[in-house]
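Architecture at a glance
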Amino acid sequence: RQTFTFTPMDNLESPLNLSIPTGSHVEWCKQLIAATISSQISGSCEWCRSSCMLMVIKVPLTGLCSVQNLSALRYGAQAKMFQNQVPLLPGETINTTVKDVMYICPFSGLVNGTLTITDYKLYFTSVEKESHFVLDVNLGVISRLETISVPNQGENTKGLELVCKDMRSPRFAYKTEESQPDIVEVLTKHAFPLSHSLPLFAFLYKEQFPVDGWKVYDAAAEYRRQGLPNESWTISKINSTYELCDTYPSILVIPTNITDDDIKRVALFRAKHRIPVLSWIHPESQATIVRCSQPLVGPSDRRCKEDERFLQIIMDANAQSHKLTIFDARQSSVAITNKAKDGGYESESFYSNVELNFLEIPNIHVMRESLRKMKDVVYPTIDEAHWHSAIDQTHWLEYIRLLLAGAAKIADKLESGKTSVVVHCSDGWDRTAQLTSLAMLMLDSYYRTLRGFQVLVEKEWISFGHKFSRVGHGDENHANSERSPLFIQFIDCVWQMSRQFPAAFEFNELFLITVLDHLYSCLFGTFLYNSEQERMAKEVQAKTVSLWSYINSQPEDFTNPFYVDYENHVLYPLVSSRHLELWTSYYARWNPRMRPQVPVHQTLKEMLILRAELQRRVEELQREASSHSLSSSSEHSSSPTHTTGTPLHTTV
Amino acid sequence: MFSGKPIKPTFKCYLPPVQTDVKKNIEPPIKKLDPKLLPGEIVVNEVNFVRKCISAESNQDDPWGKLICTNFKVSFIPQEAPPKQKSQLSHLLLGEHDIPLTCLEQVVTVNDTKGKKKVLGSNQKLKFNPTELILYCKDLRIIRFCFDEAGPESARKVCLAIAHYSHPADLQLLFGFEYQGRRYHECKGDQVNGSTPRGGMQTPIFDRPSDWDREIKRTSASEWRVCSINESYAISPSLPEYIVVPVSLADQDLKQYSLYFTDRRIPLWCWNHPSGSALVRMACIVDPLHQRKIDQRIFTAITKSHTQRSEVIRSDLDKCLPNIQDIQSAFVKVRQICVLDPFEESEERWLSSIDNSRWLEYIRAFLKHSAEIVYYLEGKNVSVILQEEEDRDLNCVVSSLVQLMLDPHYRSLIGFQSLVQKEWVMAGHRFLDRCNHLKKNYKEESPLFMLFLDCVWQMMNQYPAAFEFTEAYLTVLSDSMWIPLFSTFLFSSPKQRAQHLMDFAKNKAIPQGEDQVVYFPPVWEWSQQFSIKDQTLFNNPMYVGKGAACVQNGEVKTFRRTKQKTYSSTLRGTATLMRNGLKEGEDTLTRRGSLVSELKSEFSAVKDESPSERFFRDWFSRPADQQGLLIPLSMPSHVALWKLFFLRWVPEACIPRGGPITAYHKLSQLVDEIEILQSQLRQYKGPSPGNTPLPSPSGPPSDQRRMYFKASYPDDPATTPDFLTSSFPFTPVGNLCRRSVYGTPISKFLNGARIWLSTETLANDTV
């Protein structure tokens, strides 16, 4: 009796072309790139990005891919150039080229090729069996270098693993030779330039973009958009020299009725001098989102009259409510422990009409650990049988849920409760930034546009001193306990919202992935350093390029064709495990088996093109017909040219 | 938001309106409430002053009305007609508050004060007066009625009537037999005999040789023939009267072979690949002594019918797929998690619970196995026999999935319906037993068809432009299983259908020779259930749009068959390795292990890869042609819970103004616009270019427009309509005995405490 059993088809490793003798996939990819460059349909670009994986284009560098895209003219028909030469960015220089390096692909075994290390990236290329293989890893993404044992490959062979911040760990094996510089040494130097007194690559990068991204955020203009200043709130220059608080921006919005002396006293009572300042004001109710750090009440329950009065004034600035709600992002137990360390929280008995809520969000160390577990789940292989349970065990989605739930509570307090809120955690630059920016994204449709989102990030994260050192730019101390994926968590929350409301955001998934890729890449100056003051000192704006320069030079790539403005509509995501998903196209994109689903928006874009073509033809015919009928009879007035037209926020 | 324009007060709030007086003294108004009855429907019992519980927090929003049990449905008639909900799917035969008796899964009565409850069956006694009635429905709704103001005795009677009538003693007692008889005689005058065969229905039923002939021609299966040895079910009661068999087998041989098969089910041809390989399904051979001989003859005949005389491979589904009980228990668990368990509690470790139910695992197993069959038919060009003990359950799922993957024809609406007709209805899937319509034998109950629909949804989810129909269609189709008015899901075999329908015709004085499809229509006659406008919700704009693109280029493109591809010689060369379907060196997947062992395995130059793995890898590395071969990914990351189906009635899981429907809305509008433009172009070009009529700016007449959401005019705001939710076109309001629609997470946070009804805890210890 004949029977057969099957191997799981998932065992196949789809898009890697290594052993496809025809190399047809490479050809196809090239065509796709060509198509992408010519038509700039981000759909195909995105498809290519994720499906080609380690192939001709490099995923981490969606940026780079499109940078080339921008400078396509300079490269001309450059598909061939990829073959033997290392594509370089303006300002990028090659440090070393090593031949006979083996890339240990977790999916298809060994690949022999040439490794080039520049001051920006590691570029591995191989021409085997007519198929071209490229692995491109920007150095900024490397968290640490590890030597690994390589059995059966001779004594001189060394193994190297690049443990990356973006959920992958490529491995190489190479022969050590006296004549060649040591790969590890060169890599270490350029992957961690700050630890070796070298500049970050952002300061060497010389690309010219038609748009200047540094002009995206103008604090005064943003507050003006919100209707500020008004009678209760003023735009203050008190921190113009960063004397009051060195981690705050120079422009702050504070209540009108308070003296500079009082503010200084409040600053002394708040951790890191981060006083309560306005982040956002509701256009109707005047309820505000105010952010700050924890009060320094200490073990003896210190009080500060000025601080109490400050919050009272914030409450009074909103005539709609006689209450003020403080959202302390921390777990209540932690907040209590903090009292012993001279921190603490506002006592409801000292602050009248104040309601204190703990959002019970764990700290940065818990988040770091959670993402570390996630990496084990998604890379290099996935456990088919227990995939969902494994995700559950990382608790990553649980924390995403906590964050979104906290932000939704804040948004609802303003929107439905018409009550002002004060948000803080310990220092007011981590969970606070996550919560205020998410709440603002829910409340204000402006932040859901491509430009508005950039403003939101510039404002709530960059200007208000989120410690981007948590990313560890150019620093070799990978075990630093200050590192934590808080910004990634925020972007993940945004992605979750965009999944629930496919039409509410002007930007697309590629945009979010690009932002995260350049959080690490050190190509742009946007996410470097911890505060406005530091960035001024390093002349970041003068010496580096903004990520938004690149994005806004080709916005069509990052635009969501489904976008419909949910103007004036508060967007509450459904904070339920049932609707939260693991963002596999980001976290699991290095697994070649994670082929993306056929993007719907690509179909939509094709239809938009079709519609434009049809409209053109109808108009042509209408013109013809009307001139025809004019000559014969004049009874028809010209029919409307645009009979229909759903406004579509896409450039076709 | 901060633009110069005056701010419109359009901020939306999902919170319940402030409740001024907590409990108004509600006096049930007295009003005559007449039920809407279908022809032949009679009221069995009724009770007044019933409250339908649509919210848990306060009962002041709950509608009051009359609860009625008829011979067809449970109906609730509210005192005050609820404000007409805009743009929802409205059923022509069932009201918003109606539940067909066949749709009832469980009837539970509760007495709150006495703390008693009872699950009611047929002909049972009830020793207490119920204060509540909870109806658990097969379409996953849960509906609760309160009798606090109703007459206790009539309440009790209604409950007993509902329980009794939902357990019909005989198939003929299902309401369809009454209704379709009346309908036939009432509509007879309207029909012009012969002009529109089968009432204009386009879906082939496969009850006549011509349907099979057409299918043979369509797939160029020239070495196969229609055989009529089973006419009048002379051979097997569970086979259709006409079947397709290899040309080389004579009727006499087949008759002889049939003796050796379970239920005398000789092999059935399903489909032919353009390259000549065939998909065949068959039951097991009962007599082991003859197995070899029969096998050989069948195999030889199938090989002869292959244009290249390729070998035949057999896949024994009983050995590699979950059985019907496994599937049933997985479905019970996933339903438990999705709709019965308290929402908050099931939030914790949600993904693990889904894993534990094993529902998605089974979905993956079926998709994966079907893809393997596709590899044999397409990649290896060999014929495949699907074998199963009875050939009436798993074979239905796999054969139809394989055909969906290989043949784009089945991804059109008509094609899909013909596939269900061919591989399920006519192939003798025991719908009556598996649906358990008579609630007799729970062991036989299994949601196989539901599993199939979920598999189709997974493919649709992965290839959104490949199917002509939408997930709303699939959901509506699954709901139709529980409406006993159509012949499709009522019977367990073609013979049973024929007999019952013949008796029915006799009893109802329907003239002999009248077509069954006319007097007892299948579910495919959608106009019986939905208006033309509502049926447009079945149309997938992406599919329609792609079609438009083809027409636009001047050629009307029909579904083309997948072209025969030439495969590399390496693949052919490996065929010997696969002889008899036994593979060598299976499973080369690297498992997570110690660093060294992992490295070792990585150090083989290129990993061993089976030909099928290579076939799939090769296929996945190319962009998918949504009108060609389609292989779904069956990795856990790509097989998702079908939210519309499982969560549509759960108010807490409903996203207002969100969900995939918002993208569908936008796409539909765009396609509608494209169709208007195309119709204008046609009008300009016209048949006689000399006298061009001026086109009407409105485009095609509205009844010909295929999109549910019409293009908006330039002045209209392009916002997403308020009525769109992730549950659309269904609405969870009032369909669960839990919270109101206001039970969004926000109000939950604000309210803090969980308010759960006693019913949830009760739900766990029912049965």
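Residues numbered from 1 in each chain as written. Chains lettered and ligands numbered in written order. Predicted model: local features only at pLDDT ≥ 70, side-chain atom pairs only at ≥ 80, totals over all residues. Heavy atoms only, no water.

Points about the side chain of B:Ser275
Residue and element names in this part refer to chain B. Structurally, the position occupied by Ser275 is in the loop between β11 (268–272) and β12 (278–282). In this structure Ser275 comes out as buried when scored by relative accessible area, which is 5%. Within the local environment of Ser275, its side chain forms a polar contact with the side chain of His273, the two groups lying 2.8 Å apart. (Helix = DSSP H or I, 4+ residues; strand = E, 2+ residues; numbered from the N terminus. Buried < 20%, exposed > 50% of the residue type's maximum accessible area, 1.4 Å probe, protein only. Polar contact = N/O pair within 3.5 Å; in protein donor to acceptor, adjacent residues only side chain to side chain.)

Some remarks on the sheet that holds β11(B)
Strands pair in a sheet through their backbones, by hydrogen bonds, and they do so in one of two ways: parallel or antiparallel. All names here are of chain B. Read from one edge of the open sheet, four strands run β11-β12-β14-β13, paired in mixed fashion. Only two strands of the sheet have a single neighbouring strand rather than two, namely β11 and β13 (312–316). The mean angle between the axes of side-by-side strands here comes to 20°, regardless of whether they run parallel or antiparallel. Sheet topology note: the β12/strand β14 (residues 383–387) ladder contains four bridges and is parallel. Within β14, the position partnered with Val280 by the bridge is Ile385. Contacting β12, β13 and β14, helix α10 (residues 359–379) crosses the sheet at an angle of about 150° to β14. (Pairing = 2+ DSSP bridges. Axes fitted to C-alpha atoms, helices over the stretch in contact; angles between N-to-C directions. Contact = heavy atoms within 4.5 Å.)

Focus: the UniProt feature "domain: Tyrosine specific protein phosphatases" (unreviewed entry) in chain A
Per the UniProt annotation, the sites labelled "domain: Tyrosine specific protein phosphatases" (unreviewed entry) are residues 394–441 of chain A. Taken end to end, residues 394–441 of chain A is 67% helix and 10% strand, and its first and last C-alpha atoms sit 26 Å apart. (UniProt positions renumbered as here; feature names shortened; annotations may be inferred.)

Remarks on the packing of aromatic side chains
In the structure shown here, the tally under the stated rule is 79 aromatic pairs over all chains. Between B:Trp359 and B:Phe646, the aromatic rings sit 6.2 Å apart at their centres with planes inclined by 80°, giving edge-to-face as the arrangement. Residue B:Trp359 is found in helix α10, and its partner B:Phe646 is found in helix α23 (residues 643–647); the two are separated by 287 residues along the sequence. Neither residue differs from the other here; B:Trp359 and B:Phe646 are each classed as buried. With a centroid separation of 5.9 Å and an interplanar angle of 45°, the aromatic rings of B:Phe449 and B:Phe452 are classed as tilted. Within this pair, B:Phe449 and its partner B:Phe452 are both found in helix α14 (residues 448–462), separated by three residues, close to a single helical turn. B:Phe452 carries the same exposure label as B:Phe449, and that label is buried. We note A:Arg168 situated over the ring of A:Trp590; from NZ or CZ to the ring centre the distance is 3.8 Å. The ring of B:Trp269 has B:Lys422 sitting right over it, with the charged end atom 6.0 Å from the ring centre. (Phe/Tyr/Trp six-rings, centres within 6.5 Å; stacked < 30°, edge-to-face > 60°. Lys NZ or Arg CZ within 6 Å of the ring centre and 35° of its normal.)

Some thoughts on the nonpolar core
Formed by 379 residues in total, the largest nonpolar core has its most connected members in A:Phe453, A:Phe487, B:Leu67, B:Phe416, B:Phe452 and B:Phe646. Setting aside chain neighbours within four positions, we find B:Phe452 in contact with B:Val397, B:Ser400, B:Leu401, B:Leu404, B:Phe416, B:Val420 and B:Trp424. Counting residues in each nonpolar core, the second largest holds 15 residues, with B:Leu171, B:Phe504, B:Ala505 and B:Tyr519 among its members. (Core = buried A, V, L, I, M, F, W, Y, C linked by side-chain atoms within 4.5 Å.)

Concerning helix α14 (residues 431–443) of chain A
Across its 13 residues, α14(A) extends 18 Å between first and last C-alpha, which sits within 8% of the 18 Å expected from 1.5 Å per residue. Counting buried positions along α14(A) yields 13 of 13 residues, so the element is predominantly enclosed. (Expected span 1.5 Å × (residues − 1).)

Brief notes about the domain arrangement of chain B
Residues and elements named next belong to chain B. What the domain assignment lists for chain B is domain 1 (43–167) and domain 2 (209–322 + 358–554). One C-alpha centre belongs to domain 1, the other to domain 2; they are set 37 Å apart. If you look at the interface, domain 1 gives 18 residues, while domain 2 gives 20 residues. Of all residues in domain 1, Leu89, Thr102 and Lys138 give up the largest surface area on contact with domain 2, accounting jointly for 38% of the area buried on that side. Here domain 1 is connected to domain 2 by zero salt bridges. The interface formed by domain 1 and domain 2 holds seven residue pairs in polar contact (both at pLDDT 80 or more) in total. Tallied by class, the residues present in the side of domain 1 that touches domain 2 amount to nine nonpolar, six polar and three charged. (Domains from an automatic or database assignment. Buried area = accessible area lost by both parts, 1.4 Å probe. Salt bridge = Lys/Arg side-chain N within 4 Å of Asp/Glu carboxyl O. Nonpolar A, V, L, I, M, F, W, Y, C, P; charged D, E, K, R; others polar.)

Examining a positive patch on the surface
Residues and elements named next belong to chain B. On the surface, a cluster of positive charge is made up of Lys114, Lys116, Lys125 and Lys127. Here Lys127 shows up in the loop between β6 (116–120) and β7 (132–137). The class of Lys127 is exposed, set by a relative accessible area of 82%. (Patch = residues over 30% accessible without salt bridge, like charges linked within 9 Å, V, L, I, M, F, W, Y side chains within 5 Å. Areas by Shrake-Rupley, 256 points an atom, 1.4 Å probe, with all protein chains shown as cover. Lys, Arg positive; Asp, Glu negative; His and termini not counted. Charge placed at Lys NZ, Arg CZ, Asp CG, Glu CD.)

Regarding the confidence of the model for chain A
All names here are of chain A. Confidence in the prediction for chain A averages 83 pLDDT; 82% of positions are at 70 or higher. In the model, residues 1–83 has pLDDT below 50 throughout and makes 231 contacts with residues more than four positions away in sequence or in other chains. In the model, residues 634–652 has pLDDT below 50 throughout and makes 47 contacts with residues more than four positions away in sequence or in other chains. (pLDDT = per-residue confidence, 0-100.)

A short note on the UniProt feature "active site" (unreviewed entry) in chain A
Residue and element names in this part refer to chain A. Feature annotation in UniProt assigns "active site" (unreviewed entry) to the following positions: Cys425. Residue placement: Cys425 occurs in the loop between β14 (420–424) and α14. Taking the relative accessible area as the measure of exposure, Cys425 reaches 3% and is therefore buried. Apart from the residues lying within four places of it in its own chain, the contact partners of Cys425 are Cys292, Ser293, Gln294, Asp328, Ala329, Arg330, Asp430, Arg431 and Thr432.

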